[in-house]
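# Understanding the architecture of this molecule
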Amino acid sequence: MSVSDNGIGLDHDRFEAFLTLDTAEKLAIGGKGVGRLTWLKVFAHANIVSRYQTNTGTERRSFKFTLDKDNPLQEFKIAKTSEQIGTEVSLHNMRLDYNTHCPAKIETIAKKIIAHFFPAFFSKEMPSISVTFGDETIILDTLLHEKIYRQQKTPIKIEDHTFEIEHSLIDKSISDHFDQHTLQFSANERIVEDHALNNQIGISTYIDVNGNPTRYVGVVTSTYLDSHVSQERNRFDIEDGLFSELVSRCVSSVKDYLKEEIENVIEKQTTRLATVVTNFPRFSYLVRDRNDFVRTKLPLNANTEEDIFKQLSVLDFRASRDIVGEIKQASAQDAGTNEEALVIHSKELVGRIQQQERAALLEYIAKRKLILDLLSKYQGYDEEDDRQNFVEKAVHEIICPTRITKNDIDIFDHNLWVIDDRLTFYEFWASDKDIQSFAKDSQSQDRPDLVLFKGNTLFHRPGMSQPVVIVEFKRPARKKYSDEENPITQIYKYIRELRGKEVRDKSGALVTGIDERTPFFCYVVADITTKLEQFLVDQQIDSPLPGGRGFFGYHSGYNAYIEVIHYSKFIEDARLRNEIFFKKLGIN
């Protein structure tokens, strides 16, 4: 590997500087006087040939520079020459630790040189630099300037110090080296520190310039940075507060420079925010003005609906935490001190709590509507070609997951309210479980769709055992029922099996006992076809429900009240019960 130039060469003064450690010879342009030592850190030796002008003509100085304490300059020669002045440094035998990481492609090497000396390529005094590898040559300044767009300089003044940031968009063929949009802080035309920008400007993709994909690269320079860089050029000796302020001011300048691109980000965020709030209305109290919220509360890097949901969740948590903290603080104050102020503050706290409650209710009601919409869909056909209706299990899963007990889920994991709002508050239930799995001393493997026990609801009457609720689902539009499949006789069979048993949970704890006085409230959800209606007449479960929803009846022997509800009517009835909420909360 060799590096050559057409400079003035190693004349007497410059050779003396070469022989002097930590020389200040190039201090004015950022030279630290130790650069040549890095040659021997990476390579075994270097051959130097330099031609320079003297009073008597041109001389040629050549020597081998090696890591030899007693004789570092070997094969030293000085001779007259007619060659052009300039210097060539040949580096030999790269050490293994570095050789394994050294790029082998000329384009990669060229881009790394550009990146390291990036600020220098904006200088009017920058010489032309070329890289040659075999028969291929790349002129660095030409490579860069053909790929750079929208250059703009902006001054930044902090205290008594003046900085300048040069904004630019660099073609991806060059800027891929920077990995992302970036600020480069430089000293003496070399990069010292960089600052990634993707998260702060909300742009992680390329920026299009006339069909060319580019990355933003900003170069920050100043005489102050030049004079406050470490000897290794890997950090600045600047107090943290000043540098943090510089970074902040530079990021603001970048946002002004990329205003059009960032406005596009904000527009997309606003659209996604609307979708998130629509799907999760409990956050609506946080978002009064979507555009203002995006600009003031949403980080620019929140580019997906999931990112926005996370930010809303954090703000929702903080709002709740602040209310709890303020309530505790208000409780600790003397009620007689500044009573009027306390009343005003209490009213304000109540208002904020009500905002959160309304938003939570809005989301709960919105989810109810989604459930009803899904159930409405299940009145149609699962297999359109053969006109096959959805099986009852699909409906069952929506109302309550199968093969579980109350221990496995909580109130928000089921939708028993669709059948009857009073069912929501039952304390224990079994869904599609063998009776023997929850009823002590039972050997029955029959699996009622749903059985509910121990409910603190309006079903319970003083002086009576708490009622047991049984729910059976049948396939929509089912026309054929055998006598064994008669849902009414199925229910009576379940009642006979449960009567006189104790119901226990998975841990063996007693849930309730079922004696002769225990009433049963039973529901059959089905399309009432001719065959099913015949069963109902035979069993005297044929009193019409209001609105044509189905039929009901009471069997005194089983102490069982039974409703047979038509699929379409039970969904319609649930929708009507919630309609006032839909309208009040603006859910269409």
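Residues numbered from 1 in each chain as written. Predicted model: local features only at pLDDT ≥ 70, side-chain atom pairs only at ≥ 80, totals over all residues. Heavy atoms only, no water.

## Observations regarding the overall build of the protein
The criterion, for reference: Strands here mean DSSP runs of E at least two residues long; helices mean DSSP runs of H or I at least four residues long; both are numbered from the N terminus. The rule is simple: take the accessible area with a 1.4 Å probe, protein chains only, and divide by the maximum for that residue type; under 20% is buried, over 50% is exposed, in between is partly exposed. Contacts: residue pairs with any heavy atoms within 4.5 Å of one another. Here, Shrake-Rupley sampling with a 1.4 Å probe gives the accessible areas, and only protein chains in the shown set may cover a residue.
If you tally the helices and strands in the protein, you get 17 helices and 25 strands. Residues classed as buried in the protein amount to 44% of the 588 residues present. Of all intrachain contacts in the protein linking residues separated by at least 6 positions in sequence, the fraction that spans at least 24 positions is 62%. Accessible surface, the protein as shown: approximately 32200 Å² in total, 49% of it carbon and sulfur.

## Comments concerning the environment of Ala430
If you trace the backbone, Ala430 turns up in strand 17 (residues 426-431). With 19 residues separating them in the primary sequence, Ala430 and Asp449 have C-alpha atoms 8.1 Å apart.

## Overview of the sheet that holds strand 1 (residues 2-5)
What counts is decided by this rule: Strand pairing follows a simple DSSP-based rule, namely that at least 2 bridges must link the two strands. Here, axes are lines fitted to C-alpha atoms. For helices the fit covers the stretch in contact, and angles between N-to-C directions go from 0 to 180 degrees.
The sheet built from five strands is open, its strands ordered 1-5-2-3-4 with antiparallel pairing. Lying at the two open borders of the sheet, with one neighbouring strand each, are strand 1 and strand 4 (73-80). Between one strand axis and the next, the sheet turns through 10° on average, direction left out of account. Pairing geometry for strand 2 (residues 43-54) and strand 5 (residues 86-94), over eight bridges, is antiparallel. When the sheet's bridge partners are listed, Phe43 is paired in strand 5 with Met94.

## Notes on the pattern of salt bridges
Pairs may arise between side chains of opposite charge once their charged atoms sit close together. The test is simple: For salt bridges, the criterion is a side-chain nitrogen of Lys or Arg within 4 Å of an Asp or Glu carboxyl oxygen.
A complete count under the given rule lists 18 salt bridges for this structure. Here Arg549 makes a salt bridge to Asp573, at a shortest N to O gap of 3.6 Å. In this pair, Arg549 is assigned in the loop between strand 23 (543-544) and strand 24 (550-555) and Asp573 in helix 17 (residues 567-584), connecting sequence segments 24 residues apart. A salt bridge links Asp573 to Arg577, with the shortest nitrogen-to-oxygen separation between them at 2.9 Å. Of the two residues, Asp573 and Arg577 both sit in helix 17, four residues apart, roughly one turn of that helix. Accessibility expressed as a relative area gives 25% for Arg577, which makes it partly exposed. Overlapping salt bridges bring together Asp432, Asp434 and Arg447 as one network.

## Comments concerning the environment of Asp434
Its place among the elements puts Asp434 in the loop between strand 17 and strand 18 (450-455). Here the alpha-carbon distance between Asp434 and Asp449, two residues 15 residues apart in the chain, equals 9.8 Å. The contact partners of Asp434, leaving out residues within four places of it in the chain, are Ser444, Gln445, Asp446 and Arg447.

## A closer look at the nonpolar core
Note the following rule: Among the buried residues, those of types Ala, Val, Leu, Ile, Met, Phe, Trp, Tyr and Cys that are joined through side-chain atoms within 4.5 Å form a nonpolar core.
The biggest cluster of nonpolar side chains holds 50 residues, and the ones touching the most others in it are Leu183 and Leu312. Of all the elements, helix 9 (residues 240-257) adds the most residues to this core, at eight residues. Among residues more than four places away in sequence, those in contact with Leu183 are Ile165, Glu193, Asp194, His195, Leu197, Tyr216, Gly218, Val220, Cys250, Val251 and Val254. One finds Phe438, Val468, Ile470 and Phe535 within the second-largest nonpolar core, a separate group that totals 33 residues.

## Description of the packing of aromatic side chains
Here the distance between the centres and the angle between the planes together describe a pair of aromatic rings. For clarity, the threshold we go by: When two rings of Phe, Tyr or Trp (its six-membered ring) have centres within 6.5 Å they constitute a pair, described as stacked for plane angles under 30 degrees, edge-to-face for angles over 60, and tilted for the intermediate range. In our convention, an over-ring charge means Lys NZ or Arg CZ found within 6 Å of a ring centre and within 35 degrees of that ring's normal.
The final tally for this structure, using the stated rule, is 19 aromatic pairs. Seen from the ring of Phe15, Arg61 lies directly overhead, with NZ or CZ sitting 4.2 Å from the centre.

## Digging into unusual backbone geometry
Here the phi dihedral of Asn93 falls at roughly 60°; this positive angle occurs in a residue that is not glycine. Along the chain, the position of Asn93 falls in strand 5. Judged by relative accessible area, which is 54%, Asn93 ranks as exposed. The backbone of Arg150 shows a phi angle near 50°, a positive value even though the residue is not glycine. Note on placement: Arg150 falls in strand 8 (residues 148-158). By relative accessible area, Arg150 is classed as partly exposed at 36%.

## Things to note about the pairing of strand 9 (residues 161-171)
Among the eleven residues in strand 9, nine count as buried, and that is most of the element. Judged from the nine bridges that link them, strand 8 and strand 9 form a sheet pairing that is antiparallel. When the sheet's bridge partners are listed, Lys157 is paired in strand 9 with Thr162. A loop of two residues connects strand 8 with strand 9, the two strands running antiparallel in sequence, and Glu159 in this loop sits at a positive phi of about 55°. When strand 9 meets strand 13 (residues 212-221), the two strands line up antiparallel, connected through eight bridges. Within strand 13, the position partnered with Glu164 by the bridge is Thr221.

## Considering the pairing of strand 11 (residues 190-196)
Bridge count for strand 10 (residues 182-187) against strand 11 is six bridges, and the pairing is antiparallel. Bridge assignment links Leu183 to a residue of strand 11, and that residue is His195.

## Looking at helix 4 (residues 106-116)
Among the residues making up helix 4, those that are buried are Ile106, Ala110, Lys111, Ile114 and Ala115. Where helix 4 is buried, its residues touch strand 6 (130-133), strand 7 (136-139), helix 5 (140-145), helix 6 (172-175) and strand 11.

## Quick look at the packing of helix 10 (residues 259-279) against helix 11 (residues 290-297)
Heads up, the rule is: By definition in this entry, angles of less than 35 degrees are roughly parallel, angles greater than 145 are roughly antiparallel, angles of 65 to 115 are roughly perpendicular, and the rest are oblique. Should the near helix be turned counterclockwise from the far one by less than a right angle, the crossing is left-handed, whereas a clockwise turn marks it as right-handed.
Where helix 10 meets helix 11, the closest approach of the two axes is 9 Å, and the angle between their N-to-C directions is 120°. Our classification of the angle between helix 10 and helix 11 gives oblique. Crossing of helix 10 against helix 11: the hand is right-handed. Along its contact with helix 10, which presents Glu263, Ile266, Gln269, Thr270, Leu273 and Ala274, the element helix 11 presents Arg290, Asn291, Phe293, Val294 and Arg295.

## Observations regarding the confidence of the model for the protein
The condition that has to hold: pLDDT expresses how confident the predictor is about each individual residue, on a scale running from 0 to 100.
Looking at the protein as a whole, its pLDDT mean stands at 81, while 82% of the residues score no less than 70. Note on residues 381-389: pLDDT under 50 across the span, and 14 contacts to partners over four residues away in sequence or across chains.

## Here we look at the packing of helix 9 against helix 10
Selection criterion: Nonpolar residues are Ala, Val, Leu, Ile, Met, Phe, Trp, Tyr, Cys and Pro. Charged residues are Asp, Glu, Lys and Arg, and all others, Gly as well, are polar.
With their axes 5 Å apart at the nearest point, helix 9 and helix 10 run at an angle of 85° to one another. When the axis of helix 9 is compared with that of helix 10, the two are roughly perpendicular. In contact with Lys255, Asp256 and Tyr257 of helix 9, helix 10 contributes Lys259, Glu261 and Ile262. The residue inventory of the contact of helix 9 with helix 10, partitioned by class, reads two nonpolar, no polar and four charged.

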